[in-house]
Amino acid sequence: MNKRLRTLLLLLAVCGLAPAAHASDIGPFNYTRRVWQVQDGLAEDVVQAFAQTADRYFWIGTTAGLVRFDGAEFVTYNSRNVPALTEKSIFCLLADRDGGLWIGTEGGGLVLYRDGVFRAFSLGDGLTNAFVRRVYQDSRGTIWIGTDGGLFQVSGKRIVRVDNNANIPMLAVHAIREDAQGGIWAGGSRLVRIENGKAREYHLRGELSEYRVKSILAEKNGTVWVGTVSGLYRMPGGGGTPGRGLRYGDPGAGTLRGRKSHRADFDAGPEFDAVSGIHGTVRALWQGLDGALWIGMIGQGAIVLGEGRMTPLRSPGWLPSNTVLNFFGDFEGNIWIGTQHGMLRLSKTVVSTIPLPGAADSDFGTVYGDGDHDLWMASSRLFLVHNGTARPYTFAGAPGIRVRNVFRDRDGTLWLGTDGAGVFKNGPGKVRHFTTREGLVNNYIRAFLQSRDASIWIATDEGISHWQNGKITSYQPKDGLCYGNERAMLEDAAGDLWIGTERGISHMRGNVFLHDVATDKLQNEKVWSIHQDETGGLWFGTRTNGLYRWKSGRLAHFTTADGLVSDSIYQILEDGRHYFWMSGPDGVSRVRREDLDGAAEHGGKRLAVTLFGISQGIEMTEIYGGTQPSGFLASDGVWFPSSQGPIHISSDAGAGTEPPPVALDKVLVDGQERSFNSDLILKPNNRKIQFNYTAVSLRSPEGIRYRYKLEGFDREWTEAGAQRQVSYTNLSPGAYRFRVVAFNIADPASTTSTAIGMRQEPYFYRTPWFVICAVLISIALIWISHLRRLRELRLRFNAVLEERSRVAREMHDTLIQGCVSVSTLLEGVSSQGDAEGEERSNLLNVARAQLHLTLDDARRALWNLRRDATLSSEVGPLLFSMANEISKESHTRISCQTSGKPYSIPTAQARELLMVTREALYNSVHHSSPSVVNLRISFGKTRLGVEVADDGKGFDTEAIRDSSNGHYGLIGMRERIEKMKGEFAIESRRGSGTRLEFTVPCNPVFTSKSKVEGEVEAAK
């Protein structure tokens, strides 16, 4: 027998002669299943492709778009939110080694998703067909693309066609695979193997339409499997070597249509053989880590080929649909199956459930291990489980009775608690029935307990009954029991009885109910389970408030805040390794008693809890509690009652505690999604920021917990539990950093974390530069206000000084000058003695006139303060008239001359000039003793000048500058001129006369055309 024949016979023995096994033969003890469909969040039930990128996200190709899955939530991408995805139907996916996701569509071409960006490859990039059926990356990193119209490779940023040439025939490609020798198999309209740029074509039996290739699998041993529209084909190892194939380009290749017509053109060697028993379209082929071959078919479900047999998977049962489109194995070891009606996840598990035939849901359920092999399960019916198989069981002595619980005492007697029919005692050859007539407190039985004296305690819905030596004694609330609805009982090491009720716990010693810290603290708790450990600690599981430990007079309390999976505890079991197994509505959890004791004594440390829930097969299952026994400890694990049957968890169950990497999934600012490749910058008007985070766990997302902290805002970490988002509102301006940590509840010390920084920008008026500027401006305003106040005070002070100066000037120029004149005249009169004459009379008359003139000048000075300064006066005649009066008074000749065209100036200015000129003339005639005084007036276009010069005795100008000597005239003159913004100058030397000149700016008003000039003779 040659090697080829032996291989064929072995294949027939394995594939053709092996009987079809039931779906459960895959192993209900080995796999758990879960299905997702549209109602679970999937975009469409038709699932055609799977991929998983390096960040652990799971990608699903459906006919309604691309879906991203993190184990808990679905996010759909299609033409509505991604312009690059012009076609919704995703046919194939590939996660490459560089982190990119290649997306093949049915009519929309090829799309690459990398670093959050979708990029579509168009005809301009080299892709000539929009129906992409397969994307594959070989061991060299080359990306291959199979379409309905050709085979392509990615080269840089372009796509290059590799078929339809002299070396590779034109292909419609639905499958691509690399074999152990590095050759590339491409199948579709043809089946070819490509190596070194050349193709070898292979033909399968049958017509061309029957061997169109849909899937290819190449094993490491060289075996190649090919799925076609008509079945499955296999070529044993060595398929990459020269064999029964035709090199493209050889003679006859261009006309090859069928294998039979050109058999001479094939070399001798291996060939593909049809696998018997498999007919129809084989759409998907996949090999698991255990070497099993998974075969997906259209309309015929799936077949698992391994361990010497073929195991079909069908719907209903294992599959949601008999049309299987794809298989995939993820990083966590799960097997995913895409079908026409949703996707299925198969996971290895230590949890198994024994189905109860014909059972219906019940409001109670108990499980009891009777010996080493049998298991009693009471629900809507009573079942006896033997050797993994459950069958309904009816006791001859209790026909038609609904059994709540089963208990076997130390004598081997079986006690049955019923739902309203009391208790049945099945002794050897005799059945006894106890009801309220025989002394039971109630006919609805909750639990049994045999104390160390062999008596039986029976818990009911209204109290407890104690059966001892054939006599029943009952206890109710009137007897000291805390409440009438009992849930659990336990006899402790000291022989005391503890009874858990719907409202508190009772402690009984002998026939006396005791009160202590435990009974007082738990008086309002629903105590559903009681356990005592070997150290004497008493443990109480409650329905709504977690776990309590009573030890050494101290009561410790544990809740989900400490790490428990649930605050509802139906049953507590402790195995030989001192693990606590606790059932509840969220599944079954396991925790080390040592950790619980440590937390009770020292606190602060989060409990490490292993959850056996949906991911281990406890799916859509109601676990029962409240009626005992609601759990049973066996030598190989633990059993708990459920609505689907008794659940078994192997004692060898591992923790599986490695936490998946945590990532920020989405950031929303005021409801709008924001990119976050770098730190976030929030505008001043942004009010709310929401962080969505996740840790991708496809196997057990329900076992992942989170904590977060916004550094700069939160002082402590916030335990988020399973919550995957958090919001912050109205943050103050400043820098923050959001950190989130993920961990598995089975190992809270092992964590993964991620963080993102952000800055809340302030309104401009809250920025540092604005505050600094505001402070500086405030300081500047205060300083300016201060300077302004000082200026006002200075101006006010200057005004006072000016007023004093003005008054001084006016007094000098009016009163003092007039008084001087009168004084002079009176001295003249006095010099004449007692003589009377005309001259004496004239002097007195002039003195009298001068006195009146002085008073008039004083009044005029006061009146000028009220006059309108805008009135004009002709300054020439005023000065001439004044000079005339002074000349007559002093008997001194005064010469007046003008130059320029005379004009009028404002009255106030004219008066100031008049006062200055008069003071100058008075000084000349009274102090210089001149023979003549010259008064010259110059009318310029913008300035008016006055010059007073005499030929008198002169004086020292330096000595006269100081006003402290009582001479205020020159100072007043200078002040008046400077006040008018004019210029004042004086020249004088002793013996050389005096010359005084001043000019002032003015606005001329021409009113006269005559010149004012002449000479005033000395008065006689």
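Below you will find a few notes about this structure. Residue indices begin from 1 for each chain and proceed along its sequence in written order. Reporting of local features is limited, given that this is a predicted model, to residues whose pLDDT is at least 70; pairs of side-chain atoms are given and counted only at 80 or more, and all residues count toward the totals for whole chains, interfaces and linings. Note that the side-chain values use all heavy atoms of the structure and ignore hydrogens as well as water.

### Regarding the packing of aromatic side chains
Here a pair means two rings of Phe, Tyr or Trp (six-membered ring of Trp) with centres within 6.5 Å. Their orientation is stacked below 30 degrees between planes, edge-to-face above 60, and tilted elsewhere. Scanning the model with the defined rule gives 45 aromatic pairs in all. Arranged with centres 5.7 Å apart and planes meeting at 25°, the rings of W102 and F121 form a pair that is stacked. Of this pair, W102 sits in strand β7 (residues 101–105) while F121 sits in strand β9 (residues 117–121), placing them 19 residues apart in sequence. Taken individually, W102 and F121 each receive the classification buried, so the pair is uniform in this respect. Ring plane angle 90° and centroid distance 5.4 Å describe the contact between F764 and F770, whose orientation is recorded as edge-to-face. One aromatic cluster is present, formed by W36, F50, F58, F69, F74, F328 and W336 through successive ring pairs. Lysine and arginine charges are scored as sitting over a ring when NZ or CZ, respectively, is within 6 Å of the ring centre and within 35 degrees of the ring normal. Stacked on the ring of W528, the Lys or Arg R543 has its end atom at 5.3 Å from the ring centre. A cation over a ring is seen here: R590 above Y579, with NZ or CZ 4.6 Å from the ring centre. Per the convention used, a helix needs a DSSP run of H or I reaching at least four residues, while a strand needs a run of E reaching at least two, with both numbered from the N terminus. The buried label goes to any residue with under 20% of its type's maximum accessible area, the exposed label to any with over 50%, and the partly exposed label to all in between, with areas taken from a 1.4 Å probe on protein chains only.

### Regarding the packing of helix α7 (residues 907–928) against helix α9 (residues 969–979)
The angle between two axes is taken between their N-to-C directions and runs from 0 to 180 degrees, where each axis is a line fitted to C-alpha atoms and a helix contributes only its stretch in contact. α9 packs onto α7 with a crossing angle of 155° between their chain directions and a minimal axis gap of 10 Å. The angle between α7 and α9 places the two elements in the roughly antiparallel class. Of the two elements, α7 crosses α9, and the hand of that crossing is left-handed. Residues E912, L913, M915, V916, E919, A920 and N923 of α7 touch α9, and the partners they reach there are G969, L970, M973, R976 and I977. Residue polarity follows a fixed list, in which Ala, Val, Leu, Ile, Met, Phe, Trp, Tyr, Cys and Pro are nonpolar, Asp, Glu, Lys and Arg are charged, and the others, Gly among them, are polar. A per-class count over the contact of α7 with α9 returns seven nonpolar, two polar and three charged. Oblique is the label for every angle not falling under 35 degrees (roughly parallel), over 145 degrees (roughly antiparallel), or within 65 to 115 degrees (roughly perpendicular). A crossing counts as left-handed when the near helix is turned anticlockwise from the far one by less than a right angle, and as right-handed when that turn is clockwise. In what follows, a contact means two residues having at least one pair of non-hydrogen atoms within 4.5 Å.

### Re the nonpolar core
The set of buried Ala, Val, Leu, Ile, Met, Phe, Trp, Tyr and Cys residues whose side-chain atoms join them within 4.5 Å is what this entry labels a nonpolar core. Formed by 35 residues in total, the largest nonpolar core has its most connected members in L913 and L944. Counting only elements with at least two residues in this core, the list comes to α6 (875–890), β68 (893–899), α7, β70 (932–939), β71 (943–950), α9, β72 (983–988) and β73 (994–1001). When residues in this core are grouped by element, the largest group, nine residues, is from α7. Contact partners of L913, with chain neighbours within four places excluded, come to V875, L879, I905, L944, I977, M980, F998 and V1000. Counting residues in hydrophobic clusters, the runner-up holds 30 residues, among them A51, F74, I103 and M343.

### Some words on the pattern of salt bridges
Each reported salt bridge corresponds to a side-chain nitrogen of Lys or Arg within 4 Å of a carboxyl oxygen of Asp or Glu. Here the structure, examined in full by the defined rule, presents 37 salt bridges. Residues D125 and R119 are paired through a salt bridge, measuring 3.6 Å at the closest nitrogen-oxygen approach. Classification of R119 as partly exposed rests on a relative accessible area of 31%. The partner of R606 in a salt bridge is E719, with the nearest N and O atoms 3.7 Å apart. In this pair, R606 sits in the loop between α3 (593–602) and β54 (609–612) while E719 sits in strand β63 (residues 718–721), placing the two residues 113 residues apart along the sequence. A relative accessible area of 19% places R606 in the buried class. We classify E719 as partly exposed; its relative accessible area is 42%. Shared partners join several salt bridges into a network, and the residues in it are E534, R549, R554, E574, R593, D597 and E601.

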